[in-house]
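Here is how the chains run, residue by residue.
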Amino acid sequence: MKLQSFRFRITLFSAVLASVALIGFSIVSWWLIYDAKVKRLDAEIKNQLMQSTRPASTQWDNYANSLPLFLGMNGKTTVALLVNDRDGNLLYKSTQWQDGIDADSLWRSLPQPPPDPVRIPFELAPPPPPLNGIDSLLPRERRPPRDRPPEFDRPDSFSPRERRPPRDGPPEFDRPDFPQVLEAKLATSRTSKTIWRVGAIHSPQTQIAIAVNLQAIDLEMTSIGNIFLISIPVVLLLVAGGAWVISRSILYPIGRLTTAIRNVTVQGLDRRVPLGSTDIEFVELISVFNQMLERLERSFQQASRFSGDAAHELKTPLAILQGQLERALHQAQEESEMQQTFSKLLDEVRRLSEITRKLLLLSLADAGRMSLNWVEVNLSALLAEIAEDMELLAPDLEVQMAIAPNLYIKGDRDLLVQVLQNLVGNAIKYNLPEGWLRLQANCLGKTVIVKIVNSSQDISFGEGDRIFDRFHRGDSSQTQKIAGSGLGLSLAREIARAHGGDIKLDAAIVGQTGFTLSLPVGDRD
């Protein structure tokens, strides 16, 4: 399973979220800008339609040529004009008008305005005859009645319409009861090549339609869209970069926690991750980790103290027991059954003493208190001495040696001898009958490399991972028959690490087993 970076996921999520927001904002902004431009154009078209219904608007050719300027187009787009009379007869059609522009449907959807009424002048009734001089001096109620036509007698109540003189013409063309309000209507018309915004209006004398090519607006919107297409990736890169930088600061407490976990060793269990100015979301995590370290330190100290105390307490009784058995063995009759029994018991006591000594060393190594007697050690001479012992311990094995001269290191000679004897002893014990053993030592840079390879049975993959575990001796029948405690390799590796080196199992090769010991080169005085 491929591991994914949490930091990368934060950056990716931020970039995706920002891209969705930017794309949505761009689409909405583009549409609002386009709608605003079209509405502004509609307002200008309506204004010009209203202006064109005035009686002075009869020079249609000049008016059509000035329409782009009136509409604020400044010659950037095409403007067409169509004028019909009230009966639909063509009065004027500009050269820019295309046959596919539909103005008839707009005219049909508009209400028909009334024709311009023929106003008849209002005739006043003849004035009454003037009063003579004597009558004018009399009060009104004592004046004599005057002769006036009967049709001009003022009734008690009458409507204004009754005072109108009769008119010639249809009665429906009398003064209308509603004001003459002109209405304009706009729509978008598509031809085979272009898109037009068409406005139409009815006036009492004419039918007028103005069509504006939307090509200029489309070009402007295309430029705005290109700006969005260029700016969105740039903004996304900035957002992704910002998210990457911000995520680094967000994950800084986790980095500190990772460093602390990496430093958790036997000698580093007393270390804690400081809270400092940590974000509140990570305080609980760091607190739990510090509590776990505290429990581990307490448990490890108890286990280490138990191993050391147990090994130390067993050391004295085993030494006394070994001394008593050795004395009893000397006092027993030679080749008697009692002497054989004492001999077996003495071997087991010595084995227990060796296990106790190794457990004590391991407990000291676990606690980081293994004391080393640092001296200059000639590793070449030490390996030559061990090679001589191999010839005596395994005369039937084929021994191959390639030891470079003058390999000097700094370390505890006795403990280094124990490490080499353990590796060579395992190579002899777990070798095949009439097998072979190869011992190599050379200097590689600032490191001395010692390789011990022997013929053996194959080690399974699971056994290779557990070969350095304490008290692990393998599951094969041959391994169980060989004497040992399962602590040798574990102790040898701890000694090598105490010297700044390490022991590793070589890659599995059919029919052989190899170990590599690496130690730092010591500076000679």
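To continue, consider the overall build of the protein chain. The helix and strand tally for the protein chain stands at 13 helices and twelve strands. Looking at the protein chain residue by residue over its 525 residues, the buried ones come to 35%. A fraction of 68% describes how many contacts in the protein chain between residues 6 or more apart in sequence connect residues 24 or more apart. Carbon and sulfur atoms form 56% of the exposed surface of the protein chain, whose accessible area is close to 34,000 Å².

Let's shift gears to the nonpolar core. Core analysis: the biggest nonpolar cluster contains 44 residues, and Leu379, Leu420, Leu423, Val450, Ile503 and Leu517 have the highest contact counts within it. Elements supplying a minimum of two residues to this core: helix 8 (337-366), helix 9 (379-393), helix 10 (413-429), strand 9 (436-444), strand 10 (447-455), helix 13 (488-498) and strand 12 (512-520). It is helix 10 that provides the largest number of residues to this core, a total of nine residues. Those residues in contact with Ile503, other than ones at most four positions away along the chain, are Val419, Leu423, Phe468, Ala492, Arg493, Ala496, Phe515, Thr516 and Leu517. Listed in part, the 25 residues of the second largest apolar core include Ile45, Tyr92, Ile201 and Ile217.

Next up on the list: the side chain of Asn454. Mapped onto the secondary structure, Asn454 falls in strand 10. For Asn454, the contacting residues outside a window of four places in its chain are Ala427, Tyr430, Asn431, Trp436, Leu437, Gly511, Gln512 and Thr513.

Turning our eyes to something else, we now look at the packing of helix 10 against helix 13. How two helices sit against one another is set out by the angle between their axes and by the gap between those axes. Across the interface, helix 10 lies against helix 13 with an axial gap of 9 Å and an inter-helix angle of 140°. Here helix 10 is positioned oblique relative to helix 13, judged by the angle of their axes. Relative to helix 13, the crossing made by helix 10 is left-handed. Between helix 10 and helix 13, the residues in contact are Leu415, Gln418, Val419, Asn422, Leu423 and Asn426 and Gly488, Leu489, Leu491, Ala492 and Ile495, respectively.

One non-glycine residue, Asn406, lies in the positive phi region at around 55°. Secondary-structure assignment places Asn406 in the loop between strand 7 (398-403) and strand 8 (408-411). The backbone of Glu434 sits at a positive phi, close to 55°, despite the residue not being glycine. By the element assignment, Glu434 lies in the loop between helix 10 and strand 9. Classification of Glu434 as exposed rests on a relative accessible area of 72%.

Attention now goes to the environment of Asn426. Within the secondary structure layout, Asn426 lies in helix 10. Exposure remark for Asn426: the relative accessible area of 16% places this residue in the buried category. For Asn426 and Gly488, which are 62 residues apart along the polypeptide, the C-alpha to C-alpha distance reads 8.9 Å.

Each value, and the rule that gives it
- Residues numbered from 1 in each chain as written.
- Predicted model: local features only at pLDDT ≥ 70, side-chain atom pairs only at ≥ 80, totals over all residues.
- Heavy atoms only, no water.
- Helix = DSSP H or I, 4+ residues; strand = E, 2+ residues; numbered from the N terminus.
- Buried < 20%, exposed > 50% of the residue type's maximum accessible area, 1.4 Å probe, protein only.
- Contact = heavy atoms within 4.5 Å.
- Areas by Shrake-Rupley, 256 points an atom, 1.4 Å probe, with all protein chains shown as cover.
- Core = buried A, V, L, I, M, F, W, Y, C linked by side-chain atoms within 4.5 Å.
- Axes fitted to C-alpha atoms, helices over the stretch in contact; angles between N-to-C directions.
- Parallel < 35°, antiparallel > 145°, perpendicular 65-115°, else oblique.
- Left-handed = near helix turned anticlockwise from the far one by under 90°.

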